[in-house]
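This is what each chain is made of:
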Amino acid sequence: MSRRLEVDVAIIGGGLVGSSAALALRGLGFSVALLDKGFCGAQASGVNYGGVRRQGRPIEQLPLSQRAHAVWPRLRALIGIDGEFLRSGHLKLARDEADMASLEAYAEAVAEQGLDLELIGHNGLRERFGWIGDGIVGASFCPGDGHANPRLVSTGFAAAARRAGVEVLENTAVEGVTRDGGGFALEAAGNLTLRSRFVVNSAGAWAAPFAESFGEPVPLSRIYPSMVVTEPMEPVMSVNIGMEGGGIYARQVERGNIVVGGERALPLNDPDLSRPRGDGAIAIMNNAAALFPGLRHAQAIRFWSGTEGAMPDKNPVIGPSETTHGLIHAFGFTGAGFQIAPGVGEVLAELVRDGETQTPIAAFSIGRFRETSARTDAGSGAGQNQEPQH
Amino acid sequence: MTGHPTSERPQPLIVGAGPAGIRAAEALVAAGLRPLVVDEAPACGGQIYRQRLAPDGRSSRDLYGSEAAKAETLHRDFAALDGKLDYWPQALLWNLRDGRADIMIEGTSRQVAYDGLLLATGATDRTLPLPGWTLPGVFTLGGAQIALKSQGCAIGSKVVFLGSGPLLYLVAWQYMKAGAKVAAVLDTAPFAAKFNLLRGLPLFPGIVLRGMRMTAELKLAGIALHYGVGDVRIEGASKVEAIAWRQDGLEHRLTCDGIGYGLALRSETQLADLAGCRFAFNARDRAVLPERDAAGRTSVPGVYLAGDGAGIAGADAAERAGERVALALLQDRGLPHDAARAAALEAELARISRFREVLEAAFPFPAHWVRDIADATTLCRCEEITAGEVRAAINRFGVHELNRLKAVSRVGMGRCQGRICAAAAAELLAHEAGRGIEAVGRLRSQAPVKPVPLTLALTAQQEAAE
Ligand SMILES: Cc1cc2nc3c(=O)[nH]c(=O)nc-3n(C[C@H](O)[C@H](O)[C@H](O)COP(=O)(O)OP(=O)(O)OC[C@H]3O[C@@H](n4cnc5c(N)ncnc54)[C@H](O)[C@@H]3O)c2cc1C
Ligand SMILES: Cc1cc2nc3c(=O)[nH]c(=O)nc-3n(C[C@H](O)[C@H](O)[C@H](O)COP(=O)(O)OP(=O)(O)OC[C@H]3O[C@@H](n4cnc5c(N)ncnc54)[C@H](O)[C@@H]3O)c2cc1C
């Protein structure tokens, strides 16, 4: 049976980016369809580590990140749950003087951005965060950052969008998008045809074919961060922990479990699926036990990973298509899209309504890849009528 | 990735040294292969033929009752393979990836490359939540039996057995024989359901008659047998003090200090999931199980299943399925194998499977219980989530799939990864979402299949390879 639907905006991908955009657009009075090939919030947005942090982001992301920062404390009003968001502060550790120097340099570079970073020396750390083991020379503390439960937040945004009147279509993969008159025609699973004036491409790690079909190839790759979670423990870890130069990151959730990330998982035969490697998971576990003496007797109860879209310059693509009016991209968050997604949703809604936004996003333009991956699509009419190539 | 500098062809790996794993190992050894058998238990035997921790003066007859001869034979046959296979007891296989198994032995993890993976992981008790089921003094039937078999102690001084399935009577009878005071057996199925057993007589007269004899002996010993028991509540402040139930519209109550509870068994399928096997809903077990052909081959070449881990069929079936699937492995490798023997085993397995239908009809699973589970009753014990919280999550987020329910409610996220609560969560979700049980999916498994210490050490060999 075939079905037709007509809306102002069709959103491809019900991750946190797509569903927060859907909710914001609905708030501006647009009719919206949110399509996901699986369940909304079941991919990167629902399985990530849950770090809600501005500290450490490239400086060009900070205005957008600050915008999102204002949304997080309002979750209950916005989506009906607080998503276990906790403004615990984010503490970034330095293992040696060189790391400490780069934390200092970062703090100086972002001094005007309102992160209120505080540099802490070895003794200060001992005093305030005695549960951190030896071998750390200092840290940088961002008091306004924190963490949240991605499973609740991402599903919560989609559920709130549905309640607000968004047509949420799960298990409905978009199979092709074409320009059609003044708007777009989308073909989706289950013989669904959808017409819309605008299309938001927020298909996460799967977004590249949609951009490419409109003549905008992008070097989007996939990463699979590895996660480990312990059984519930007594409250010890009062802040969200990161580490300069990578390594591990850790937080303690409301229930007491400690979530530790680090290393990279590997895809399975189906590249949409991934699982941590056994030795990678052990490395994370051992590092966590070494860094936090309180975890020496803890047990790991589960590992997992997720599929994330990554860009070579670690910045996402956010903004209007340069080939096709009405098409807006937002993908490639490279392991750091959870915190900024609610801000991205608002920006996307403004782009639909006004064609522009006050929040600086020029650095995320898809045009930055025009030269590097230039592709002459002879006679394809800038790819306007092509099917996405999967 | 870490590489193993092995020159020899890797061994077939058998997980589980219960009846299925033992018979599989035996058949592979007979064909000249040298399998590696791992089991997290300290001794072979699996669930039903579990051995005691230390000699305690009890005979096999005391331990295994009518099954003593089978138990002795199985233990002896496995011992006879000594030197012809590798056997790692107390070895937990906690992860499978890319043709390698991660195995924990005494706090150290080894990675083993295998050629042929035979999963004989068995089953554990299936339960549904009840008021008070998390009180100290409430055990699964399996737990009650383990206490008796490996430690030689009863779970209370006045014990009630509750549930459905042949094990209910078996364990009650074993307790009675061991001299424990059994206060009552509460069967969730109506007495009329037992007439189904007559249909089983032509298939397995010995088993049916043995069951009847056990029931008769329980009655003779003055133990009350109650049928059609519902609305069960376990009472007690800090431990079990009494059990209350409804039967034929009347309220009943009995004081006791130990309860053995189980609603038949559920298969341990996590490793099959990690191995990438395709699953399908099985109406008889009301569970989503790994698919397999009559020989035990899964959808993944080189991965095989045998015994209760692939679907509940009992210990006799497990022995036959273990041998059968080993023959399939031989055949798949182009090695000589006894095709006539394989056919005979399959025929016996088919007969046992018909008998399973009879048992399911005689001891039906009370799936309807979940409809009435009180909101205050704990559903997921690891994460301490009540039925009411699960209902609220289902409705707030509009979920109708089990992994989504896990994501928004934490059900199945704890230590046991849903082994205990998944059946109940699926029933509750199906009911609340107005779907069939077959439409709500199954919890995806994640390593480690059981908790491992954060300080788990990698073997030196692996570190060197990195
Ligand atoms: C393990 C892990 C840990 C992370 N930790 C953090 C962290 O601590 N902090 C942080 O800020 N960020 C973190 N991230 C990154 C963050 O999760 C992502 O950047 C963010 O969730 C991206 O959101 P999204 O909506 O773009 O993508 P997704 O959540 O992946 O959503 C994309 C959606 O598009 C759908 N889709 C794809 N193709 C189609 C199609 N053809 N039709 C319809 N739908 C389609 C998918 O099903 C999916 O639901 C982490 C990521 C991972 C994987
Ligand atoms: C209380 C109870 C009473 C029973 N009584 C009877 C009866 O009277 N008659 C009957 O026919 N059946 C009975 N059964 C069922 C019987 O136990 C099974 O049918 C039989 O044991 C199945 O054999 P198996 O080899 O498939 O699995 P099991 O005997 O369960 O053996 C599986 C083995 O795999 C090991 N294992 C599993 N996962 C891992 C892992 N990840 N790493 C390492 N090792 C692992 C386990 O330690 C276990 O030893 C009973 C079951 C229970 C729980």
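Everything that follows concerns the structure shown earlier in this document.
Basis of the calculations
Residues numbered from 1 in each chain as written. Chains lettered and ligands numbered in written order. Predicted model: local features only at pLDDT ≥ 70, side-chain atom pairs only at ≥ 80, totals over all residues. Heavy atoms only, no water. Axes fitted to C-alpha atoms, helices over the stretch in contact; angles between N-to-C directions. Helix = DSSP H or I, 4+ residues; strand = E, 2+ residues; numbered from the N terminus. Left-handed = near helix turned anticlockwise from the far one by under 90°. Contact = heavy atoms within 4.5 Å. Near = heavy atom within 4 Å. Polar contact = N/O pair within 3.5 Å; in protein donor to acceptor, adjacent residues only side chain to side chain. Areas by Shrake-Rupley, 256 points an atom, 1.4 Å probe, with all protein chains shown as cover. Nonpolar A, V, L, I, M, F, W, Y, C, P; charged D, E, K, R; others polar. Pairing = 2+ DSSP bridges. Disulfide = S-S within 2.5 Å. Buried < 20%, exposed > 50% of the residue type's maximum accessible area, 1.4 Å probe, protein only. Salt bridge = Lys/Arg side-chain N within 4 Å of Asp/Glu carboxyl O. Core = buried A, V, L, I, M, F, W, Y, C linked by side-chain atoms within 4.5 Å. Buried area = accessible area lost by both parts, 1.4 Å probe. Expected span 1.5 Å × (residues − 1).

Comments concerning the packing of helix 9 (residues 315–332) of chain B against helix 10 (residues 339–362) of chain B
Residues and elements named next belong to chain B. Where helix 9 meets helix 10, the axes come as close as 9 Å, and the angle between the chain directions of the two elements is 145 degrees. The chirality of how helix 9 crosses helix 10 is left-handed. Between helix 9, through D316, A317, R320, A321, E323, R324 and L327, and helix 10, the contact on the second element is made entirely by R341, A342, L345, E346, E348, L349 and I352.

Section: the site of ligand 2
Residue and element names in this part refer to chain B. If you check the shell around ligand 2, you find 30 residues, and the closest are D39, Q47, L170, D308 and A315. One nitrogen or oxygen atom from the side chain of D39 is found 2.6 Å from an oxygen atom belonging to ligand 2. Residue G314 places a main-chain N or O atom 3.5 Å away from an oxygen atom belonging to ligand 2. Taken by itself ligand 2 offers 970 Å² of open surface, and the protein chains cover 90% of this. Looking at the shell around ligand 2, the elements that each hand over two or more residues are helix 1 (19–30), strand 4 (91–97), helix 4 (141–150), helix 5 (166–177) and helix 9. Looking at the shell around ligand 2 residue by residue, the class counts come to 17 nonpolar, 10 polar and three charged.

Topic: the site of ligand 1
Residues and elements named next belong to chain A. In the vicinity of ligand 1 there are 35 residues, among which D36, S45, V174, E308 and F338 approach most closely. Within the contact set of ligand 1, an oxygen atom lies 3.3 Å away from a backbone nitrogen or oxygen of L16. Take S45: an N or O atom from its side chain is 2.5 Å from an oxygen atom of ligand 1. Notes on ligand 1: free accessible area 1000 Å², of which the protein chains cover 97%. Every element with two or more residues in the shell around ligand 1 is listed here: helix 1 (16–27), helix 2 (44–47), strand 13 (225–230) and helix 10 (337–354).

Considerations on the sheet that holds strand 20 (residues 303–305) of chain B
Residues and elements named next belong to chain B. Taken in spatial order, the five strands of this open sheet run 3-2-1-7-20, and their pairing is parallel. The open sheet is flanked by strand 3 (86–88) and strand 20, the only strands paired with a single partner. Each neighbouring strand pair of the sheet contributes to a mean axis angle of 15 degrees, computed without reference to strand direction. Its contacts with the sheet put helix 9 on strand 7 (117–119) and strand 20, and the angle it makes with strand 20 is roughly 160 degrees.

Notes on the state of the cysteines
Residues and elements named next belong to chain B. Scanning the model with the defined rule gives zero disulfides over all chains in all. You can see C153 has no disulfide; the closest cysteine sulfur is in C256, sitting 17 Å from it. The thiol sulfur of C421 is not disulfide-bonded, and the nearest other cysteine sulfur, from C380, lies at 4.0 Å. For C421, a relative accessible area of 2% gives the class buried.

Some remarks on the pattern of salt bridges
Counted under the stated rule, the structure contains 50 salt bridges over all chains. In this structure, D231 of chain B engages R233 of chain B in a salt bridge whose closest nitrogen and oxygen atoms are separated by 3.9 Å. When salt bridges that share partners are traced, they join R67, R74, E346 and E350 of chain A into one network.

A closer look at the nonpolar core
Core analysis: the biggest nonpolar cluster contains 96 residues, and I243 and I259 of chain B have the highest contact counts within it. Among the elements that make up this core, the one with the highest residue count is helix 10 of chain A (nine residues). Apart from the residues lying within four places of it in its own chain, the contact partners of I243 of chain B are V160, L162, L186, V232, R233, I234, H252, R253, L254, C256 and I259 of chain B. I14, A326, L329 and F363 of chain B belong to the second largest nonpolar core, which has 72 residues in total.

Quick word on the sheet that holds strand 6 (residues 108–113) of chain B
Here four strands make up an open sheet; going across it, the order is 4-5-6-24 (chain B) and the pairing mixed. Sheet topology places strand 4 and strand 24 (457–458) of chain B at the edges, where each strand pairs with a single neighbour. This element, helix 9 (residues 278–291) of chain A, spans strand 4, strand 5 (100–105), strand 6 and strand 24 of chain B of the sheet and lies at about 115 degrees to strand 4 of chain B.

Section: the interface of chain B and chain A
Listed as interface residues are 37 residues of chain B and, on the opposing side, 38 residues of chain A. With both sides pooled, the region where chain B packs onto chain A buries about 3400 Å², and carbon together with sulfur makes up 54% of that total. If you sort the residues of chain B by the area they bury against chain A, R97, R404 and L454 of chain B come out on top, with a joint share of 25%. Taken together, chain B and chain A are joined by three salt bridges. With a shortest N-O distance of 2.7 Å, E231 of chain A and R415 of chain B are connected by a salt bridge. Run the count over chain B and chain A and you get 21 residue pairs in polar contact (both at pLDDT 80 or more). Sorting the residues of the side of chain B that touches chain A by element identifies strand 4, helix 8 (270–274), helix 11 (387–397), helix 12 (402–409) and strand 23 (452–453) of chain B as the ones contributing at least two each. Per-class residue counts for the side of chain B that touches chain A are 17 nonpolar, eight polar and 12 charged. Sheet topology places strand 19 (residues 299–305) of chain A next to strand 23 of chain B; two bridges connect them, and they run antiparallel. Bridge pairing in strand 23 of chain B places A300 of chain A opposite V452 of chain B.

A word on helix 13 (residues 422–433) of chain B
Residue and element names in this part refer to chain B. With 12 residues, helix 13 extends 16 Å from end C-alpha to end C-alpha; this agrees with the ideal 16 Å at 1.5 Å per step. Residues A422, A424, A425, A426, E427, L428, L429 and A430 constitute the buried set of helix 13. Taken together, the buried residues of helix 13 touch strand 21 (378–380), helix 11 and helix 12. Positive phi appears at G434, one or two residues downstream of helix 13, with a value of about 65 degrees.

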